[in-house]
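Results of the structural survey
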Amino acid sequence: MAKNFLPAKIILFSLSLTAISFHLYFILSKAEPYKTLSEKQHILTVKIPGRRGTIYDRFGRPIAFTGEGITLQLTDTLSVRDSILLAKFGINLNRFKIGERITGISPLLWDKIKVKGVFKSLQFTRRYVPCGEPCFRLIGKTNGIYGLSGVEYAFDSILAPRTSEVRFIRYADGRIFPAPRSIFNFNENPPDGKDIFLSIDALLQRRVYGILKEWTSKLNAKGALAIVGNTRTGEILSMTSIGSMYSDKIFLYEPGSTFKIVIYTEALERGLNLQERCGENKGYTVIDGITIKDVSPLGDKDSWFWALVKSSNACAAKLAIKMDSIAKNGLYRRALLYGFGEGADIGLYEDIPKLERPSKWRRIKLANVAIGQGILVNPIQVLRAYIAIANDGNYIYPTLLKTENPRTNPSRVIAKRETFRILKELLTAVVDSGTGKMARIEGIKVAGKTGTTQKIDPKTGRYSEDKTLASFIGFFPVEDPKYIIYVVVDEPENFRTGGLAAAPIFKDIAIEVLRLYGWDSSHTKP
C-alpha cells in the first residue's frame with residue numbers, strides 16, 4: 001500500500017516547490033514598490049542647506065548673515081492642541097503638507113517647541129540683519145535659504161547655498177534616529193552660498209534713516225525716501241525710506257519740476273538764449289484752454305534763466321511748445337537719451353515705466369511732460385540723469401554693488417559738454433538764488449533742483465490742491481562733484497513744496513555725508 005502513495009507524495013512535493021518558487025518570484029520581481037512604500041513609512045528625508053552667503057557693506061560690516069535657526073518638518077497630522085501651541089510662537093503649520101517644512105525659527109524656542117508629528121532640527125537658516133530697520137526693506141526677506149525680496153532676491157544666484165539630503169529612521173513608536181551611512185549615501189556638508197559686498201555704508205544708512213524719521217515727523221508727512229550716491233562711480237551709498245515709501249520695490253511717480261532739465265537740455269542744444277524773456281510773468285499760461293500755474297509769478301524776472309531758477313511751470317510749458325516747432329519730438333528723444341523709459345537696472349524689483357510715444361501727445365500733453373506731469377519715472381532714473389549732468393554728460397549707471405570700475409555708456413551722447421556746463425550754472429543758481437535756497441551749505445557750492453508734484457486725488461481723478469510729492473536732488477561740490485543726494489517726501493502737510501520740505505532734508509544729509517567722508521572721494525572708513 002505504501003508504494004501506492006509514493007507518486008502522490010512526489011506530486012504534492014512538486015506542487016509545493018512550484019508554489020514556493022512562484023512566491024519567491026513574486027517577491028523578488030515586485031519587491032521595489034514594497035521597498036519604496038516601506039521607506040516612505042519608516043524613512044524621514046531631511047534637506048540640509050549650506051549656509052547662505054553674507055551681505056557686507058562697503059567697509060566689510062555684515063548687513064545680513066545666516067546663523068542657526070530651528071527648522072520644523074511636518075511628519076504627521078497635527079493635533080488641535082499642538083497647533084494652538086505653535087500659534088503662540090507665530091508658527092502656522094496647518095497650511096503645510098506632510099513632508100513640507102518651515103525654516104529660520106528663533107533657536108531660543110528650541111525647548112518650548114514640543115509637539116508630536118513635527119521633526120525639529122537646528123540648521124543655518126535664520127537670517128540676521130544687524131543694521132536693523134533702516135536696512136530691512138532694502139535688504140529684503142529670505143525663507144532662510146532663498147531670497148524673496150530686496151537685495152536678497154536680486155543677488156540670490158550668488159548668495160543661495162546648495163542643499164543635500166540626510167535620512168533618519170522613524171520607528172513605529174515615533175522615535176527618530178539618524179540612519180547609518182552604510183544604508184544611505186548622503187552629503188552632510190553641502191556648498192555654502194557666496195558673499196557679496198554692497199556699495200551701501202551701513203553707518204550712513206542708519207543716520208540717513210534717522211534724519212528722515214525726524215523730518216517726516218516735523219512735516220507731518222506720510223513718508224519719505226532718500227538716496228545718497230557717488231557721482232564718480234555710480235555707487236549708491238545709502239538708500240532708505242520710511243512710512244508710505246517704506247518699500248522693497250522701486251516705485252513710480254510723477255517727477256515734477258526735477259524733470260525740467262530735459263526740456264532745458266533740448267532748448268540749449270537748439271540755441272536757446274537764457275537772457276531772452278519768456279513773456280509769461282503773470283504766474284500762469286493757457287494752453288488748449290487749460291491753465292498751467294506757477295507757485296508765484298516771475299514778475300520782471302521772466303527770462304529763460306530765471307524761469308528755471310524760480311521753477312516757472314508756465315515758461316517751461318511754453319518752451320516745450322516752442323522747441324517742438326523747431327525740432328519735432330525733441331523733448332521725447334532727449335528724455336530717452338537721459339534714460340527715462342528704461343528700467344532702474346540695479347537688481348531690485350521694479351515696474352519699468354514706459355515712455356508714451358509722442359504721436360499721441362497733444363500740445364497740452366507736451367506742456368505737461370515738460371513740467372514733469374503726465375509721465376511716470378522712478379527715483380533711480382532721476383538720479384541717473386543728474387549724475388550725467390554732474391559728470392558733464394558722462395553716462396554712469398547707479399549700482400548697489402561695491403565697485404572701482406563704474407559701468408558707463410560712452411556711446412550715449414545726451415548733449416554737448418558746453419550744454420552741461422550751462423546746466424550746472426543754472427542748477428547752482430537754483431540753490432543760490434532760487435527755489436532751492438534751503439539746500440545751501442556754507443562754504444560749499446551745491447547744484448540742484450526742486451520738484452513739487454501734485455498727486456492725483458483718487459476720488460475726483462484730478463490733481464489735488466493740497467496733496468503733493470515734494471522733492472529735491474542736488475550734487476556737490478559743483479567744481480568737482482563727488483556726492484549726489486535725492487530726497488522725496490510724500491504728502492508733507494506743514495510745507496508742501498520741494499524747496500521747503502525736501503531741500504532742508506537734503507542739507508542735513510549732506511552735512512552728515514561731509515562729517516563721515518570729508519572731501520575724500522574714496523570713502524575710507526571714518
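A brief look at the structure comes next. By convention here, each chain's residues receive numbers from 1 onward along its written sequence. Thresholds applied to this predicted model are a pLDDT of at least 70 for local features of residues and 80 or more for the giving and counting of side-chain atom pairs; totals over whole chains, interfaces and linings are not thresholded and use all residues. Excluded from the side-chain calculation are hydrogens and water; included are all heavy atoms of the structure.

**Thoughts on the state of the cysteines**
Filter applied, for reference: A pair of sulfur atoms, both from cysteines and within 2.5 Å, is called a disulfide here. Helix and strand definitions follow DSSP, with helices as H or I runs of at least four residues and strands as E runs of at least two, each counted in order from the N terminus.
Taken as a whole, this structure holds two disulfides when the rule is applied. Each disulfide pairs two cysteine sulfurs, and for C131 the partner residue is C135, the sulfurs being separated by 1.8 Å. Linking C131 and C135, the disulfide has an S-S dihedral of approximately 55 degrees and is accordingly described as right-handed. There is a disulfide in this structure between C278 and C315, and the S-S distance comes to 2.1 Å. Between C278 and C315 the disulfide shows an S-S torsion of about -110 degrees. By sign, it is left-handed. Placement of C278 in the loop between α8 (260-269) and β11 (284-287) and of C315 in helix α10 (residues 313-326) is noted, with a sequence separation of 37 residues between them.

**Points about the packing of aromatic side chains**
Put simply, the rule reads: Paired rings are identified among Phe, Tyr and Trp, the last through its six-membered ring, by centres lying within 6.5 Å, and are further divided according to the angle between planes into stacked (under 30 degrees), edge-to-face (over 60) and tilted (the rest). Partly exposed describes any residue whose relative accessible area lies between the buried limit of under 20% and the exposed limit of over 50%, with all areas from a 1.4 Å probe on protein chains only and scaled to the type maximum. To sit over a ring, a charge needs its Lys NZ or Arg CZ within 6 Å of the ring centre and within 35 degrees of the ring normal.
Under the definition given, this model contains 11 aromatic pairs. Residues Y56 and F197 carry aromatic rings whose centres are separated by 5.0 Å and whose planes lie at 20 degrees to one another, so their mutual orientation is stacked. You can see Y56 sitting in strand β2 (residues 55-56) and its partner F197 sitting in strand β8 (residues 196-197), a full 141 residues away along the chain. We classify F197 as partly exposed; its relative accessible area is 41%. Consider the rings of F476 and Y483, whose centres lie 5.6 Å apart with planes at 45 degrees: the pair is tilted. Every member of this aromatic cluster is reached through a ring pair, and the members are F472, F476, Y483, F506 and Y517. Lying across the ring of F59, R58 places its NZ or CZ 5.8 Å from the centre.

**What about a nonpolar patch on the surface?**
Convention followed: Residues with no salt bridge and a relative accessible area higher than 30% make up the patches, which join like charges within 9 Å and nonpolar side chains (Val, Leu, Ile, Met, Phe, Trp, Tyr) within 5 Å. For every accessible area listed, the method is Shrake-Rupley and the probe measures 1.4 Å; residues are considered covered only by the protein chains on display. By definition here, a salt bridge exists when the distance from a side-chain nitrogen of Lys or Arg to a carboxyl oxygen of Asp or Glu is within 4 Å.
A cluster of nonpolar side chains, M438, F495 and L500, forms an exposed patch at the surface whose accessible area comes to about 280 Å². A relative accessible area of 43% means that M438 is categorised as partly exposed.

**Structural notes on the nonpolar core**
The following threshold applies: Only buried residues count toward a nonpolar core. Its members are Ala, Val, Leu, Ile, Met, Phe, Trp, Tyr and Cys residues joined through side-chain atoms within 4.5 Å. Note on definitions: a residue-residue contact is assigned when non-hydrogen atoms from the two residues lie within 4.5 Å.
If you look at the biggest cluster of nonpolar residues, it comprises 91 residues, and the most contacted ones within it are I55, I63, V151, Y264, Y338, F340 and I389. Those residues in contact with I63 that sit more than four places away from it in its chain are I55, Y56, D57, Y128, V129, P130, C131, C135, I139, L198, I200 and A202. Of all hydrophobic cores here, the second largest spans 37 residues; its members include W215, L219, I444 and I485.

**Focus: the pattern of salt bridges**
Counted by the stated rule, this structure contains 32 salt bridges. The partner of D432 in a salt bridge is K445, with the nearest N and O atoms 2.8 Å apart. Remark: K445 occurs in the loop between α14 (417-433) and β13 (447-456) and D432 occurs in helix α14; sequence separation between them is 13 residues. One continuous salt-bridge network, built from bridges that share partners, spans K222, K455, K467, D490 and E491.

**Side note on the pairing of β13**
Spelled out, the test is: When DSSP locates at least two bridges between a pair of strands, those strands are taken to pair.
Relative to strand β14 (residues 463-476), β13 is paired through nine bridges, and the arrangement is antiparallel. Paired with T452 across the strands is A470, a residue of β14. Following β13, the chain reverses through six residues before pairing antiparallel with β14; G461 in that reversal takes a positive phi of roughly 75 degrees.

**A few points about the sheet that holds β13**
Rule in force here: Every angle, taken between N-to-C directions, lies between 0 and 180 degrees, and every axis is a line fitted to C-alpha atoms, over only the stretch in contact when it is a helix.
Read from one edge of the open sheet, five strands run β10-β9-β15-β14-β13, paired in antiparallel fashion. Of all strands in the sheet, those bounded by a partner on one side alone are β10 (236-243) and β13. Here the strands of the sheet are splayed against their neighbours by 10 degrees on average, with no regard to which way each runs.

**Observations concerning empty space enclosed by the protein**
Filter applied, for reference: Using a grid of 1 Å spacing that covers the protein atoms alone, one calls a set of points a cavity when a 1.4 Å probe fits there but cannot get out, and a pocket when the set is open and has protein on both sides within 12 Å along at least five of seven lines; lining residues are those with an atom within 4 Å of a point. Grid points are joined across faces, edges and corners, and a volume is the space filled by probe spheres set on the points. Residues are grouped as follows: Ala, Val, Leu, Ile, Met, Phe, Trp, Tyr, Cys and Pro are nonpolar; Asp, Glu, Lys and Arg are charged; every other residue, Gly included, is polar.
A complete count under the given rule lists two cavities of 30 Å³ or more for this structure. Put simply, the largest cavity is a space of about 170 Å³. For the largest cavity, the lining is made up of 18 residues, of which L225, M239, S241, M245 and S247 are closest to its centre. Mapped by element, the contributors of at least two residues to the lining of the largest cavity are α4 (133-139) and β10. Looking at the lining of the largest cavity, the element that brings in the most residues is α4, giving four residues. Among the residues making up the lining of the largest cavity, the classes are represented as 11 nonpolar, four polar and three charged. In this structure, the second largest cavity occupies an estimated 30 Å³ of space.

**A closer look at the side chain of R58**
The line we're drawing: Between N or O atoms, a polar contact is any pair within 3.5 Å; within protein, one atom must be a potential hydrogen donor and the other a potential acceptor, and residues adjacent in sequence are included only when both atoms are from side chains.
Along the chain, R58 turns up in the loop between β2 and β3 (62-74). At 2.9 Å, the side chain of R58 and the backbone oxygen of S199 are in polar contact. A polar atom in the side chain of R58 sits 3.4 Å from the side chain of E235.

**As for unusual backbone geometry**
Looking along the chain, the bond that leaves F476 and enters P477 is cis, with omega of -20 degrees. Here N220, not a glycine, exhibits a phi torsion of approximately 55 degrees, which is positive. By secondary structure assignment, the location of N220 is in the loop between α7 (202-219) and β9 (223-230). The exposure class of N220 is partly exposed, given its relative accessible area of 41%.

**Thoughts on helix α15 (residues 498-517)**
The line we're drawing: Expected span, for any helix, means 1.5 Å times one less than how many residues it has.
An ideal rise of 1.5 Å per residue puts 28 Å on 20 residues; α15 measures up with 26 Å between its terminal C-alpha atoms. Where burial is concerned, most of α15 is hidden: 15 out of the 20 residues are buried. G518, located one to two residues past α15, shows a positive phi value of around 65 degrees.

**As for the packing of α10 against helix α12 (residues 363-370)**
Operational definition: In these notes the angle categories are as follows: under 35 degrees is roughly parallel, over 145 is roughly antiparallel, 65 to 115 is roughly perpendicular, and the rest is oblique. The hand of a helix crossing depends on one turn: near helix anticlockwise from the far one by less than a right angle means left-handed, and clockwise means right-handed.
Orientation of α10 relative to α12, taken along the N-to-C sense of each, is 120 degrees, at an axis distance of 8 Å. Taken together, the axes of α10 and α12 are oblique relative to one another. Crossing of α10 over α12 shows right-handed handedness. Between α10 and α12, the contacting residues are A316, A317, A320, I321 and D324 on the first element and R363, L366, A367 and A370 on the second. Here the residues of the contact of α10 with α12 are counted per class, giving seven nonpolar, no polar and two charged.

**Here we look at α14**
When the terminal C-alpha atoms of α14 are compared, their 24 Å separation across 17 residues agrees well with the 24 Å that a helix rising 1.5 Å per residue should span. For α14, the elements touching its buried residues are α8, α9 (304-309), α11 (330-338), α13 (379-390), β13 and β14.

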